[in-house]
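Here is how the chains run, residue by residue.
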Amino acid sequence: LEAYWIDQHLPEALVQRSLFGISLAEWSVWAASIGGPLLLFWLTISLAAFVARRSLSERRRTRLDAWVSGLRWLTVLVLTLLVHLALLPVLPFTLQSRVVYSRCVLVVAVILLTMLVWRMTELLVRRSRIRAQRTGGNAGTQSLLLLGEGVFKVLLILVSIALLLVLFGVNPTTALAGVGLGGVA
């Protein structure tokens, strides 16, 4: 059998020592496949926000700050997990452990993505309500915005649950049929 690239390129001290049956070299590469993208995306978003903040007016800066503070970490975590999943074939794990591990990472990614879309919806609806108040929108506009936000969030949760069911190996068609019958009744 051919040795993994990690065994050939990393220091022998890391290759020979192990923790929980996995060499320290493999742990290092695993940690780097998460830590590297995490740091890179955080720095990229922080730098982009800094540059954008300097070129905006005060009113737009507060809006940008609200978006950045509300979405930065969720965006960084989702992007990091996606890059980590893309790097998974390069990591020296067995096929079975890769499949199980990738499903676990996908479960976390679905949850984080749901949280990100939820937060984006809240920020968009809040911005729309402020805009509607400025332009003299009536109570009907406010109610419609709240109704749309509620319906969208329910659909978001249902789609997320269906995705999680698929990741856990459950066929979601029965659950979706039940939701459809519940919606009719």
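Data block above holds the structure.
First, a word on what this report is: a plain description of the structure on this page. (Residues numbered from 1 in each chain as written. Predicted model: local features only at pLDDT ≥ 70, side-chain atom pairs only at ≥ 80, totals over all residues. Heavy atoms only, no water.)

## Some points on helix α4 (residues 58-87)
Next up, step 1: With 30 residues, α4 extends 41 Å from end C-alpha to end C-alpha; this agrees with the ideal 44 Å at 1.5 Å per step.
Next up, step 2: The largest bend in α4 is about 45°, located at leucine 71.
Next up, step 3: Among all positions of α4, only Leu64, Val68, Gly70, Leu71, Leu74, Val76, Val78, Thr80, Leu81, His84 and Leu85 are buried. (Helix = DSSP H or I, 4+ residues; strand = E, 2+ residues; numbered from the N terminus. Expected span 1.5 Å × (residues − 1). Bend = angle between axes of the 7 residues up to and from the residue. Buried < 20%, exposed > 50% of the residue type's maximum accessible area, 1.4 Å probe, protein only.)

## Quick look at the nonpolar core
Next up, step 1: Residues Leu81, Leu88, Leu91, Leu112 and Leu116 are the most contacted members of the largest nonpolar core, which totals 14 residues.
Next up, step 2: Leave out the neighbours within four places in its chain, and leucine 112 touches Leu74, Leu77, Val78 and Leu81. (Core = buried A, V, L, I, M, F, W, Y, C linked by side-chain atoms within 4.5 Å. Contact = heavy atoms within 4.5 Å.)

## Description of the pattern of salt bridges
Next up, step 1: As enumerated under the stated definition, the model contains six salt bridges in all.
Next up, step 2: The shortest N-O distance in the salt bridge between lysine 153 and glutamate 149 comes to 3.0 Å. With lysine 153 and glutamate 149 both in helix α6 (residues 139-167) and four residues apart, this pair spans about one turn of that helix.
Next up, step 3: Owing to a relative accessible area of 11%, lysine 153 belongs among the buried residues under this scheme.
Next up, step 4: According to the relative accessible area criterion, glutamate 149 is buried, its value standing at 10%.
Next up, step 5: Where salt bridges share partners, they join Arg119, Glu122, Arg129, Glu149 and Lys153 into one cluster. (Salt bridge = Lys/Arg side-chain N within 4 Å of Asp/Glu carboxyl O.)

## Comments concerning the packing of aromatic side chains
Next up, step 1: All told, the structure shown has one aromatic pair when counted by the stated rule.
Next up, step 2: A ring pair is formed by tryptophan 42 and tryptophan 73, whose centres lie 6.4 Å apart and whose planes are at 20°; its orientation type is stacked. Taken together, the residues span a long stretch of sequence, with tryptophan 42 in helix α3 (residues 24-55) and tryptophan 73 in helix α4 at a distance of 31 residues.
Next up, step 3: Among the residues examined, tryptophan 42 registers a relative accessible area of 31% and is labelled partly exposed. (Phe/Tyr/Trp six-rings, centres within 6.5 Å; stacked < 30°, edge-to-face > 60°.)

## Thoughts on the packing of α4 against helix α5 (residues 95-134)
Next up, step 1: The N-to-C vectors of α4 and α5 enclose an angle of 165°; their axes lie 8 Å apart at closest approach. In terms of their interaxial angle, α4 and α5 are classed as roughly antiparallel. Regarding α4 and α5, the two cross each other, and that crossing is left-handed.
Next up, step 2: Partitioned by chemical class, the residues of the contact of α4 with α5 number 20 nonpolar, four polar and five charged. (Axes fitted to C-alpha atoms, helices over the stretch in contact; angles between N-to-C directions. Parallel < 35°, antiparallel > 145°, perpendicular 65-115°, else oblique. Left-handed = near helix turned anticlockwise from the far one by under 90°. Nonpolar A, V, L, I, M, F, W, Y, C, P; charged D, E, K, R; others polar.)

Distances and angles like these do not, on their own, reveal function.
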